[in-house]
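Listed here are the chains, written in short residue letters.
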Amino acid sequence: MSKTIKKIGVLTSGGDSPGMNAAIRSVVRTCAYHNIECVGIYRGYQGMIEGDFKEMGPRSVNNIVNKGGTILKSARSKEFMTVEGRKKAHENLVDAGIDALVVIGGDGSFTGAEVFNNEFGYPVMGIPGTIDNDIFGTSHTLGFDTALNTVVDCIDKIRDTASSHNRLFLVEVMGRDAGHIALNAGIGAGAEEILIPEEDLGLERLLESLRRSKASGKSSSIVVIAEGDKIGKNVFELKDYIEENFPEYDIRVSVLGHMQRGGSPSCYDRVLASRLGVKAVESILEGKSNFMVGIINDKVALTPLEQAIKGHSEIDRELLRVSDIMTT
Ligand code: F6P
């Protein structure tokens, strides 16, 4: 029989993503709905180690459903990777009477949660928050949809100037290890080629595609490149390489960078955050622990944290084919 839960802590960890605030709001209000206390933990695991806690009630999360970033702040804590750091964090939670933890973050944050659970038998529940959408056990992570809309919006603007000047633009998007943003936003924005970490399409294919596009009468083009793509050249080296092969091309590079992580969350991300927050708290109250709450076939579903960490969120290869057909 699990211990009665009276107080739940919530934190955001790792790279922030739009929708994290909506998830915090959902966790806090679901706790209030079930008459249990909620504590916000600042700066992720680092705040847990330093005891940076604040009691939160339903009114402390007013007007944040629409805000990007995270009001609890985020951090990647090196100290939490040490046993001493985790011991301190555990003592602080026990002293504050916090019985369970909701961790909103990516796989690094979940790894921390799982280790913490294994060491202290402490109840943890994960909510996937990262723009990269690279977590197994959920079709969408918080912030992915918003980031896609941001990227598409930016590329639409780039297209205006690209076509005015008959230029080729190389647009680098986020995704150190995952091509979900590049692939989906690339199709949405009508990119000529999309380079992703999961697939090394090779330089020759890229040149061939540009050759074809020129021959078919296209005067400007957009190539979308995930920052972690495996073609072996960064976006600026790639520009030089294409210029060497096609001196007639007027090429510009645009690195979208951290703007992709900011901004007001889309409606999809707000609804998702609200659903996942409710399920996370209610699962803890049912005595469950060590799971991630995700969305599969539009139904909220639990996946063991271990699987969420070890499993791989595959890209949809059909999207590569669709992209190819769209560039005909
Ligand atoms: O949140 C994930 C991510 O956006 C990656 O796509 C990107 O490589 C990384 O974060 C950047 O992290 P940082 O903000 O620490 O530079």
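The rules behind the values
Residues numbered from 1 in each chain as written. Predicted model: local features only at pLDDT ≥ 70, side-chain atom pairs only at ≥ 80, totals over all residues. Heavy atoms only, no water. Helix = DSSP H or I, 4+ residues; strand = E, 2+ residues; numbered from the N terminus. Expected span 1.5 Å × (residues − 1). Buried < 20%, exposed > 50% of the residue type's maximum accessible area, 1.4 Å probe, protein only. Arc of directions from axis to C-beta. Contact = heavy atoms within 4.5 Å. 1 Å grid on protein atoms, 1.4 Å probe; cavity = no way out; pocket = protein on both sides within 12 Å on 5 of 7 lines; lining within 4 Å. Points joined across faces, edges and corners; volume = space filled by probe spheres on them. Nonpolar A, V, L, I, M, F, W, Y, C, P; charged D, E, K, R; others polar. Domains from an automatic or database assignment. Salt bridge = Lys/Arg side-chain N within 4 Å of Asp/Glu carboxyl O. Near = heavy atom within 4 Å. Polar contact = N/O pair within 3.5 Å; in protein donor to acceptor, adjacent residues only side chain to side chain. Areas by Shrake-Rupley, 256 points an atom, 1.4 Å probe, with all protein chains shown as cover. Sits in = over half its atoms within 2 Å of the grid points. Buried area = accessible area lost by both parts, 1.4 Å probe. Axes fitted to C-alpha atoms, helices over the stretch in contact; angles between N-to-C directions. Parallel < 35°, antiparallel > 145°, perpendicular 65-115°, else oblique. Left-handed = near helix turned anticlockwise from the far one by under 90°. Pairing = 2+ DSSP bridges.

Topic: helix H7 (residues 203-215)
Point 1. Between the first and last C-alpha of H7 there are 18 Å, a value that for 13 residues agrees with the 18 Å anticipated at 1.5 Å per step.
Point 2. Of all the residues in H7, the buried ones are Leu206, Leu207, Ser209, Leu210 and Ser213. Along H7, the residues classed as buried sweep out an arc of 160 degrees about the axis, all on the same side.
Point 3. Tucked into the core, H7 has its buried residues touching strand E6 (168-173), strand E7 (193-195), strand E8 (221-226) and helix H8 (235-245).

Points about the layout of surface pockets
Point 1. When its volume is computed, the largest pocket comes out at roughly 740 Å³.
Point 2. Surrounding the largest pocket, 34 residues form its lining, Gly14, Gly15, Arg76, Gly108 and Arg176 being those nearest its centre.
Point 3. Among the elements that make up the lining of the largest pocket, the one with the highest residue count is helix H4 (residues 107-120) (six residues).
Point 4. When the residues that make up the lining of the largest pocket are grouped by side-chain class, the tally is nine nonpolar, 14 polar and eleven charged.
Point 5. In terms of domain composition, the lining of the largest pocket takes at least three residues from each of domain 1 (7-143 + 265-310) and domain 2 (145-261).
Point 6. Estimated volume of the second largest pocket: approximately 220 Å³.
Point 7. Along its surface, the second largest pocket is lined by 17 residues, and Lys3, Ile5, Asp99, Gly121 and Pro123 are the ones closest to its centre.

A word on the pattern of salt bridges
Point 1. On inspection of all chains with the given rule, the structure shows 21 salt bridges.
Point 2. Arginine 205 is the salt-bridge partner of aspartate 324, the closest N and O atoms lying 2.8 Å from each other. A residue pair is termed long-range when its members are at least 10 positions apart, and aspartate 324 in helix H11 (residues 317-326) and arginine 205 in helix H7 qualify at 119 residues.
Point 3. Residue aspartate 324 is classed as partly exposed on the basis of its relative accessible area, which comes to 35%.
Point 4. Of the charged contacts, one joins glutamate 208 and arginine 211 as a salt bridge, the two residues approaching to 2.9 Å between their closest N and O atoms. Residue glutamate 208 and its partner arginine 211 are both found in helix H7; the two are separated by three residues, about one turn of the helix.

Description of the site of the ligand
Point 1. Neighbouring residues of the ligand: Arg76, Ile131, Asp132, Met174, Gly175, Arg176, Glu227, His258 and Arg261.
Point 2. Between the ligand and arginine 76 there is a distance of 2.4 Å, counted from an oxygen atom to a side-chain nitrogen or oxygen.
Point 3. Within the contact set of the ligand, an oxygen atom lies 2.8 Å away from a side-chain nitrogen or oxygen of aspartate 132.
Point 4. Burial of the ligand by the surrounding chains reaches 80%, relative to a free accessible area of 400 Å².
Point 5. The site holding the ligand turns out to be the largest pocket.
Point 6. A class-by-class count of the residues in the shell around the ligand yields two nonpolar, two polar and five charged.
Point 7. If you count residues domain by domain, the shell around the ligand takes at least three from each of domain 1 (7-143 + 265-310) and domain 2 (145-261).

Quick notes on the domain arrangement of the protein chain
In many reports, interface size means the accessible area that the parts give up when they come together.
Point 1. For the protein chain, the assigned domains read domain 1 (7-143 + 265-310) and domain 2 (145-261).
Point 2. Averaged C-alpha coordinates put domain 1 and domain 2 at centres separated by 34 Å.
Point 3. With 14 residues of domain 1 in contact, the opposing surface of domain 2 contributes twelve residues.
Point 4. Roughly 1000 Å² of surface becomes buried between domain 1 and domain 2 when both sides are summed, with 50% attributable to carbon and sulfur atoms.
Point 5. Taken together, domain 1 and domain 2 are joined by one salt bridge.

A closer look at the packing of H7 against H8
Point 1. Where H7 meets H8, the closest approach of the two axes is 11 Å, and the angle between their N-to-C directions is 55 degrees. Viewed along their axes, H7 and H8 adopt a mutual orientation that is oblique. Where H7 crosses over H8, the two elements pack in a sense that is right-handed. Contact with H7, carried on its side by Leu203, Leu206, Leu207 and Leu210, involves Leu238, Tyr241, Ile242 and Asn245 of H8 and no other residues of that element.
Point 2. Looking at the contact of H7 with H8, its residues break down into seven nonpolar, one polar and no charged.

Overview of the side chain of glutamate 193
Point 1. Its location among the elements puts glutamate 193 in strand E7.
Point 2. The exposure class of glutamate 193 is buried, given its relative accessible area of 5%.
Point 3. There is a polar contact of 3.2 Å between the side chain of glutamate 193 and the side chain of arginine 205.
Point 4. Polar side-chain contacts of glutamate 193 include one of 3.2 Å to the side chain of serine 209.
Point 5. Discounting residues that sit within four places of it in the chain, glutamate 193 has contacts with Leu201, Arg205, Leu206, Ser209, Ile222, Val223 and Val224.

Things to note about the sheet that holds E8
Point 1. Judged by pairing direction, the sheet is parallel, and its four strands sit side by side in the order E7-E8-E6-E9 without closing on themselves. In this open sheet, the two edge strands, each paired with only one partner strand, are E7 and strand E9 (251-255). With strand direction ignored, the average angle separating the axes of adjacent strands in the sheet is 20 degrees.
Point 2. As defined by bridge partners, E7 adjoins E8 across three bridges and the pair is classed as parallel. Residue pairing across strands places isoleucine 194 opposite valine 224, the latter belonging to E8.

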